[in-house]
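# Descriptive structure summary
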Amino acid sequence: MRKFKNSLLNIVLILSVVTSLCSALYEDQIGKFDWRKKFVGTVKFGYFDAQNADKSIVATDENVLAAISSKNGDILWRKVFETDNTRGEIKFLHVTRDGKSIASHSSEQSPFDIITVNGNNPFFFRGYNMNNGNLLWEWSITATSQNPENSQFFFREHNIYHVLPVWNSHIEVTEYHASTGQQSKPTTSSIFAAYITKDNCVLSGQYFACIVKEQLLVIDLIADQNNLRTKAIESPNSSIKVIRGKDNIIQVGKSVLNLEDLSVIYENNNDAELYVESDKIIQVVQKEKEVKILTDSADLTAIADLPETLDNNLKIMATKCKAKRDDANQIACRFLMSTDDGALALVQQGKIKWVREESLTKITAVEFIELSLSDAQGAIEEELNSGDEEHSNSDILSSLYRRLHSQYGMVKNIALHLLGLGPPPSFSQRAGLVRDDFGLHKMMVILTKSGKLFGIDNVSGKQHWVRVLKNSEGFSNGQGMRLLVQRTSKFYPLPTQCVVIARDKSTGNGLIFQFNPLSGQGIDKGLLNLDYKIQQASLLNYGDNFLRPILLVDSDDKVHVLPESSLKQVDGFYFYTVNKQTGFLNGYVIQHENDKAELLPTWILNLGGSDNEQKITHVVSKNPIERVHSQGRVLADRSVLYKYINPNLIAVVTEGPDSIHKYMLNVHLIDVVSGAIVFSMNHRRAKGPVRIVHSENWLVYSFYNEKIRRNEITSIELYEGKTQTNSTIWSSLNAPPSPLVERQTYIISSSIAALRETITEKGITNKHVLMALDSGAVVEMPWMLLDPRRNSMVPTEYEGIIPYIPELVIQHENIINYNQTIAKINGIYTAPSGLESTCLVMVYGLDIFVTRVSPSKTFDLLKEDFDYFLISTVLIGLITASYVVKHLAAKKTIKQAWK
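The structure displayed is predicted, hence computed values, not measured ones. (Residues numbered from 1 in each chain as written. Predicted model: local features only at pLDDT ≥ 70, side-chain atom pairs only at ≥ 80, totals over all residues. Heavy atoms only, no water.)

### Some points on the overall build of the protein
- The helix and strand tally for the protein stands at seven helices and 61 strands.
- By residue count, 46% of the 899 residues in the protein fall in the buried class.
- Taking the intrachain contacts of the protein between residues at least 6 apart in sequence as the baseline, contacts between residues at least 24 apart amount to 51%.
- When the accessible surface of the protein is split by element, carbon and sulfur atoms take 51% of a total near 46,800 Å². (Helix = DSSP H or I, 4+ residues; strand = E, 2+ residues; numbered from the N terminus. Buried < 20%, exposed > 50% of the residue type's maximum accessible area, 1.4 Å probe, protein only. Contact = heavy atoms within 4.5 Å. Areas by Shrake-Rupley, 256 points an atom, 1.4 Å probe, with all protein chains shown as cover.)

### Some details on the state of the cysteines
- By the definition in use, this model includes two disulfides.
- Sulfur-sulfur distance for the disulfide between Cys201 and Cys210 comes to 2.0 Å. Residues Cys201 and Cys210 are joined through a disulfide that is right-handed, its torsion about the S-S bond being 120°. For the residue pair Cys201 and Cys210, the accessibility class agrees, reading buried in each case.
- Each sulfur of the disulfide joining Cys321 and Cys333 lies 2.0 Å from the other. Looking down the S-S bond of the Cys321 and Cys333 bridge, the torsion is 110°, so its handedness is right-handed. With Cys321 in strand S26 (residues 315-323) and Cys333 in strand S27 (residues 331-338), this pair connects stretches of sequence that are twelve residues apart.
- Its relative accessible area of 24% is what places Cys321 among the partly exposed residues. (Disulfide = S-S within 2.5 Å.)

### So, a nonpolar patch on the surface
- Together, Leu862, Tyr868, Leu870, Ile871, Val874, Leu875 and Leu878 give the surface a local cluster of nonpolar side chains, amounting to about 680 Å² of exposed area.
- Residue placement: Leu862 occurs in the loop between strand S61 (848-853) and helix H7 (868-898).
- Using a relative accessible area of 51% as the deciding quantity, one classes Leu862 as exposed. (Patch = residues over 30% accessible without salt bridge, like charges linked within 9 Å, V, L, I, M, F, W, Y side chains within 5 Å. Salt bridge = Lys/Arg side-chain N within 4 Å of Asp/Glu carboxyl O.)

### Regarding unusual backbone geometry
- In this structure, Pro122 follows Asn121 across a cis peptide bond, with omega equal to 15°.
- Its location among the elements puts Pro122 in the loop between strand S7 (114-118) and strand S8 (123-128).
- For the bond from Leu562 to Pro563, the omega torsion is 0°, close enough to zero to count as cis.
- With respect to the helices and strands, the residue Pro563 is situated in the loop between strand S41 (559-562) and strand S42 (573-579).

### Digging into the sheet that holds strand S30 (residues 363-370)
- The strand order S30-S31-S32-S33 describes an open sheet built from four strands, whose pairing is antiparallel. The open sheet is flanked by S30 and strand S33 (463-468), the only strands paired with a single partner. For this sheet, the mean angle separating the axes of adjacent strands, direction not counted, is 15°.
- As judged from the five bridges shared by strand S31 (residues 442-448) and strand S32 (residues 452-457), these two strands associate in the antiparallel manner. Each bridged residue has a counterpart across the sheet, and for Ile446 the counterpart in S32 is Phe454. (Pairing = 2+ DSSP bridges. Axes fitted to C-alpha atoms, helices over the stretch in contact; angles between N-to-C directions.)

### Section: the sheet that holds strand S6 (residues 90-95)
- Spatial ordering of the open sheet is given by S6-S7-S8-S9, a layout of four strands whose pairing is antiparallel. Looking at which strands have only one partner, the edges of the open sheet turn out to be S6 and strand S9 (135-141). Each neighbouring strand pair of the sheet contributes to a mean axis angle of 15°, computed without reference to strand direction.
- Relative to S9, S8 is paired through six bridges, and the arrangement is antiparallel. Paired with Phe123 across the two strands is Ile141, which belongs to S9.

### Quick word on a positive patch on the surface
- A contiguous patch of positive charge on the surface is contributed by Lys891, Lys892, Lys895 and Lys899.
- Along the chain, the position of Lys891 falls in helix H7. (Lys, Arg positive; Asp, Glu negative; His and termini not counted. Charge placed at Lys NZ, Arg CZ, Asp CG, Glu CD.)

### Remarks on the confidence of the model for the protein
- Averaged over all residues, the pLDDT of the protein equals 85, while 89% of them reach at least 70.
- Low pLDDT, under 50, characterises residues 103-109; the predicted model gives this stretch 15 contacts beyond four residues in sequence or across chains. (pLDDT = per-residue confidence, 0-100.)

### Brief notes about the environment of Thr361
- Mapped onto the elements, Thr361 comes out in the loop between strand S29 (351-357) and S30.
- With a relative accessible area of 2%, Thr361 lands in the buried category.
- Residues Thr361 and Lys38, spaced 323 residues apart in sequence, show a C-alpha to C-alpha distance of 9.3 Å.
- Other than its neighbours up to four places away in sequence, Thr361 contacts Phe39, Gly41, Glu62, Asn826, Gly845 and Leu846.
- A polar contact is formed between the side chain of Thr361 and the backbone oxygen of Glu358, at a distance of 2.8 Å. (Polar contact = N/O pair within 3.5 Å; in protein donor to acceptor, adjacent residues only side chain to side chain.)

### A look at the side chain of Asp457
- If you trace the backbone, Asp457 turns up in strand S32.
- Despite being buried, Asp457 has no salt bridge partner; Lys462 is the closest side chain of opposite charge, sitting 7.7 Å away.
- A polar side-chain atom of Asp457 sits 2.8 Å from the main-chain amide nitrogen of Val459.
- Excluding residues within four positions of it along the chain, Asp457 makes contact with Trp35, Leu433, His441, Lys442, Met443, Met444, Lys462 and His464.

### Focus: the pattern of salt bridges
- For the coordinates displayed, the defined rule picks out 23 salt bridges.
- The salt bridge partner of Lys362 is Glu62, with a shortest N-O separation of 3.3 Å. On the criterion of sequence distance, the pair formed by Lys362 in the loop between S29 and S30 and Glu62 in the loop between strand S3 (55-60) and strand S4 (64-69) is long-range, its members being 300 residues apart.
- A relative accessible area of 25% means that Lys362 is categorised as partly exposed.
- Between Glu761 and Lys490 there is a salt bridge, and its shortest N-O distance comes to 3.9 Å. Of the two residues, Glu761 sits in the loop between strand S55 (752-757) and strand S56 (768-773) while Lys490 sits in the loop between strand S35 (482-487) and strand S36 (497-504), which places them 271 residues apart along the sequence.
- A residue is classified by how much of its surface remains accessible, and Lys490, at 48% relative accessible area, is partly exposed.

### Looking at helix H4 (residues 396-419)
- The terminal C-alpha atoms of H4, which comprises 24 residues, lie 35 Å apart, in line with the 34 Å expected from a rise of 1.5 Å per residue.
- Restricting attention to buried positions, one finds in H4 the residues Ser398, Arg402 and Ser406. (Expected span 1.5 Å × (residues − 1).)

### Side note on H7
- Helix length check: H7, at 31 residues, gives a terminal C-alpha distance of 45 Å against a target of 45 Å (1.5 Å per residue), a fit within 8%.
- For H7, the N-terminal capping position is held by Asp867, with its side-chain oxygen 3.3 Å away from the main-chain nitrogen of Phe869.

### Concerning the nonpolar core
- Ile282, Val291, Ile293, Ile316, Phe335, Leu336 and Met337 are the most contacted members of the largest nonpolar core, which totals 32 residues.
- When residues of this core are traced back to their parent elements, those giving at least two are strand S2 (43-48), S4, strand S23 (280-287), strand S24 (290-294), strand S25 (299-303), S26, S27 and strand S28 (343-348).
- Residue contributions to this core peak at five residues, all from S28.
- Those residues in contact with Met337 that sit more than four places away from it in its chain are Val284, Ile293, Leu314, Lys315, Ile316, Met317, Ala343, Leu344, Ala345 and Val347. (Core = buried A, V, L, I, M, F, W, Y, C linked by side-chain atoms within 4.5 Å.)

### Topic: the packing of aromatic side chains
- Applying the stated criterion across every chain, the model contains 17 aromatic pairs.
- Here Phe125 and Phe153 contribute two aromatic rings whose centre-to-centre distance is 5.6 Å and whose plane-to-plane angle is 85°, an arrangement assigned as edge-to-face. Placement of the pair is Phe125 in strand S8 and Phe153 in strand S10 (residues 152-156), with a sequence separation of 28 residues.
- On the basis of relative accessible area, Phe153 is assigned to the buried category, the value being 8%.
- Three or more aromatic residues link up through ring pairs in this structure, and these residues are Phe123, Phe125, Trp139, Phe153 and Tyr176.
- In this structure, Lys37 is placed above the aromatic ring of Trp35, and the distance from its NZ or CZ to the ring centre is 5.8 Å. (Phe/Tyr/Trp six-rings, centres within 6.5 Å; stacked < 30°, edge-to-face > 60°. Lys NZ or Arg CZ within 6 Å of the ring centre and 35° of its normal.)

### What to know about empty space enclosed by the protein
- A full pass over the atoms with the stated rule returns three cavities of 30 Å³ or more.
- There is about 60 Å³ of room inside the largest cavity.
- When its residues are assigned to classes, the lining of the largest cavity shows two nonpolar, five polar and three charged.
- Estimates place the volume of the second largest cavity at around 40 Å³.
- For the second largest cavity, the full set of lining residues is Lys622, Tyr644, Leu649, Leu669, His694, Glu696, Asn697, Trp698, Leu699, Ile716 and Leu718.
- Counting residues per element, the ones that place at least two in the lining of the second largest cavity are strand S52 (698-705) and strand S53 (710-721). (1 Å grid on protein atoms, 1.4 Å probe; cavity = no way out; pocket = protein on both sides within 12 Å on 5 of 7 lines; lining within 4 Å. Points joined across faces, edges and corners; volume = space filled by probe spheres on them. Nonpolar A, V, L, I, M, F, W, Y, C, P; charged D, E, K, R; others polar.)

Given below as structure tokens:
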């Protein structure tokens, strides 16, 4: 009996310890403060399910295979392949069109509906079930011939054909059983074709067609004899392309040919977008905002008023047509269409049923914008502003007058609203875009690579507006389009203003778009085309109407300012330029004299080496809205170690080969005003991808250690010492002393996709580093674990430094997206909220995830389970007791006085 009691006690003890170590998220908390949206990317191949038209199968440029519901555009299932195109790129997609699954050669394997070919040598062949996306079989091959990246594929009767053209030489054709990977023929066929070139040849089904002088040469890759046919064409400069929808159909010049008999089946005189469905040529004719989809015999559908977000070269990716129920002679079609900017739409009976904005998989810039004030808040703000401007020496009577006038206006507005005579609500009021008490509700302004702008609610994820910047692109040096905030919502009643700086595709000149980020509407001229190329762009300090002017430097080193009335502000402005290919950094200062601004070079640095073997891969500056709360760090002996807080400091990373160590990675900290290299550090036999974050007086970056074959992360801290040079103003021109550098390297078990620091309004809250892992998790890493002063096995007594351990342990409770995996993370954006304890976070890649974090917990906010009843009861009891005690004390005092 005693043994039983002891064993039972041990079990209870073990269970209590295990349960105490467990941490979990309650089910009702999921999605309360966060949301996630899934995407697939820009569609490359598309098919409708032959058995179920309510499902479409797509393959995208983000290496994703997915099934999308035709009813609402939701993702039914999704397969995400490797980011690296050498393994993940989808080169070929085949979907059964007769509604019957393809039977496997092996009795042990299930029938399959989808075939994909991924990668670039090796090539991975996979078969999938269309209903659930399950992988049924997989095999791979490795091409031994030259230039395997030119490989193409087609499917015929249970077999996959691998076509490898060797330009100006021959074509190699290998036949495989689809499900087993066994060669149907013992050897690879080689077809002599010395005339084939990359620009003049296409593969359509089993036919390889080329334009040679004034002839079209067509090779049947399956036929054993008489496999070459020719047809005369009008011009040797005719273009050749494949028409989607059906194999063996191409367009040469304006003629559409069937390669089976080389007959001309259509003349595309209108240069319309074409698609083939059941031997019918379908045209997409787009004129301004009207789109017609038609054949030679009938108009299939038309969109009278095309939204601006889709007005960008519509293409048909898949079509499903069937006879109408009431009239068998007429057909009804459903079209899966895409645009150049990545949007995917379903069109049926002249209506757009749904649109998926897949350009959000290529985000280049993000800004969180504060919302406008409510009517009540705006009235208070106007009252305060008028008091500051008109009644600076006001007395009590003037303050009372402003208050009564404000209250009268509020009562009047309420009365007019009840009678239905009030002014119509603004766009922000209709959309519920009004600033909350804690500043947690904001507008996310997102700029994508294709030039699309989105205004998305950070609380609900709703898209409030979308704008398309036509004919725009990023800059030639790899720098994407810029999104800058010229004026925030703090300067009521002036509207918020943002600007996009881009490059015109056709001319290469600069392009400016100024807009209101809350409504998406253009401001002043809206889109402005410049007559010069932009070399550098930046914002100046606040000018007239609290608007930050735009500084532009063109390719001829001439200075431009928008608006021009703010030209005087550029005097003494320092900036720098970077050439990533050559490794050169140049520093400049602008001098303003006689109403002219002149650019003067101040310094030059060469980080590329003597032979330019080192290439600049990253240039990282500090967050411009960052605030440093504490200037020093208290040591164990009560002395202060002052931080080296240089606002002009940037981090530059160079990578390149090395004759001795194979790879070399260098990190430089450079003062961009003086051009001085403050600190440099090199890593031998180390290479990227490098992820880096720069804040306050510290720097954190990750890389791959080639020697030990592991991922490492390094942290660096800079200090001035125990004496501070200047506690009020920092000057890079006064040659501050070299900083004291603390550095440490840690081992991390997973590769890192992105790094970002948390940021708050006043900088009081502790800094944490957000690490996005390749597995799709986002870890909130406390700075105390990355502290470079963790250089001793014995902890410092009073500083609270954790003993050094080489490995950084990833704790699951620190994963802020719990089970909401984010595929192919490209970056993290953080923004302060109205609460000092809370930081707003957006993680983007193939998916978008928005949440909030509190590095120092919510010290300025009451918890949800706060017992208001108990605290109210206690307060009432204390107040009552104080009055009772006061009364009793008074009576006691009176009695003592009468004695």
